[in-house]
Amino acid sequence: MKFFHRYQSTIHGNYRRAYLRCGFIAGMLLSLYILVRHLIGLPAESPESYISDAILLLSIFLFAIAYRNALPDKSVTLKELMLFGIGTALVASILYALLLWAFCIAVPQQTALFVLTMTGDEITVDDPQINYWAAAWALVTGIKMAVLGSFGAFLAAVIFKNEKPEIKTKH
């Protein structure tokens, strides 16, 4: 444990407020993708896809750049970008899961399509368990998006950090 106490890093900005704001925007973008697909008559076959993954990762990368550029002297450490990125990913995935759950309850055809595509089982919109399926897809999707977003946050932090922490030395 002594290794972890060798470094001292400085937090340059209010990353908590920033990740709440950015996570909200990213979560809304993810939900908007599902809604737009439904409105144009091509409902999403899965609650997560390459496009939704790209939306999340691109959001985290772009928000990390924007956060870094908004800081004084535009200097940020790996630790601060990791905290910002993971916070953004968690807020986005929780919001997306909640909105997906609400959407699947409101549009049971979407839930039935998710079940058919993901499990191969065919259910009807009158199935008494359709709301449980909606909750299950929201939970699974939220967890997977949080993990993917956290990985994206790590990559963004490694790529966009521009300040090294001080190493404490004992005299």
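Residues numbered from 1 in each chain as written. Predicted model: local features only at pLDDT ≥ 70, side-chain atom pairs only at ≥ 80, totals over all residues. Heavy atoms only, no water.

Asks: Explanation requested: the overall build of the protein chain in the structure shown.
Replies: Helix and strand counts for the protein chain come out as five helices and two strands. Evaluated residue by residue, the protein chain yields a buried proportion of 37% over its 171 residues. (Helix = DSSP H or I, 4+ residues; strand = E, 2+ residues; numbered from the N terminus. Buried < 20%, exposed > 50% of the residue type's maximum accessible area, 1.4 Å probe, protein only.)

Asks: It is not clear to me how a nonpolar patch on the surface should be interpreted in this structure. Could you clarify?
Replies: On the surface, a cluster of nonpolar side chains totalling about 980 Å² of accessible area is made up of Phe 24, Ile 25, Met 28, Leu 29, Leu 32, Leu 35, Val 36, Leu 39, Ile 40, Leu 42 and Leu 99. Considering each element in turn, the nonpolar patch owes the most residues, eight residues, to helix α1 (residues 15-39). Mapped onto the elements, Leu 42 comes out in the loop between α1 and α2 (50-70). (Patch = residues over 30% accessible without salt bridge, like charges linked within 9 Å, V, L, I, M, F, W, Y side chains within 5 Å. Areas by Shrake-Rupley, 256 points an atom, 1.4 Å probe, with all protein chains shown as cover. Salt bridge = Lys/Arg side-chain N within 4 Å of Asp/Glu carboxyl O.)

Asks: Mind showing me how you'd approach the packing of aromatic side chains here?
Replies: Each aromatic ring pair is characterised by the separation of its centres together with the angle its planes make. Under the counting rule described, the total for this entry stands at four aromatic pairs. Ring plane angle 5° and centroid distance 4.7 Å describe the contact between Tyr 67 and Phe 84, whose orientation is recorded as stacked. One end of the pair, Tyr 67, is in helix α2; the other, Phe 84, is in helix α3 (residues 78-106), with 17 residues separating them in the sequence. When sorted by exposure, Tyr 67 lands in the same class as Phe 84, which is buried. (Phe/Tyr/Trp six-rings, centres within 6.5 Å; stacked < 30°, edge-to-face > 60°.)

Asks: I keep staring at the pattern of salt bridges and nothing clicks. Help me out?
Replies: Any two side chains of opposite charge can pair, so long as their charged atoms come close to each other. Summed over the entire model, instances satisfying the criterion amount to one salt bridge. With its nearest N and O atoms 4.0 Å apart, the salt bridge here joins Lys 144 to Glu 48. Taken together, the residues span a long stretch of sequence, with Lys 144 in helix α5 (residues 130-160) and Glu 48 in the loop between α1 and α2 at a distance of 96 residues. Judged by relative accessible area, which is 44%, Lys 144 ranks as partly exposed. For Glu 48, a relative accessible area of 16% gives the class buried.

Asks: Which parts of the structure should I look at to understand unusual backbone geometry?
Replies: One can expect most non-glycine residues to show negative phi and most peptide bonds to be in trans. Of note in this structure, Asp 73 is not a glycine but carries a positive phi near 65°. Its place among the elements puts Asp 73 in the loop between α2 and α3. A residue is classified by how much of its surface remains accessible, and Asp 73, at 75% relative accessible area, is exposed. Even without being glycine, Lys 74 reaches a positive phi, approximately 50°. Relative to the helices and strands, Lys 74 is located in the loop between α2 and α3.

Any functional reading would require information beyond the geometric quantities listed.
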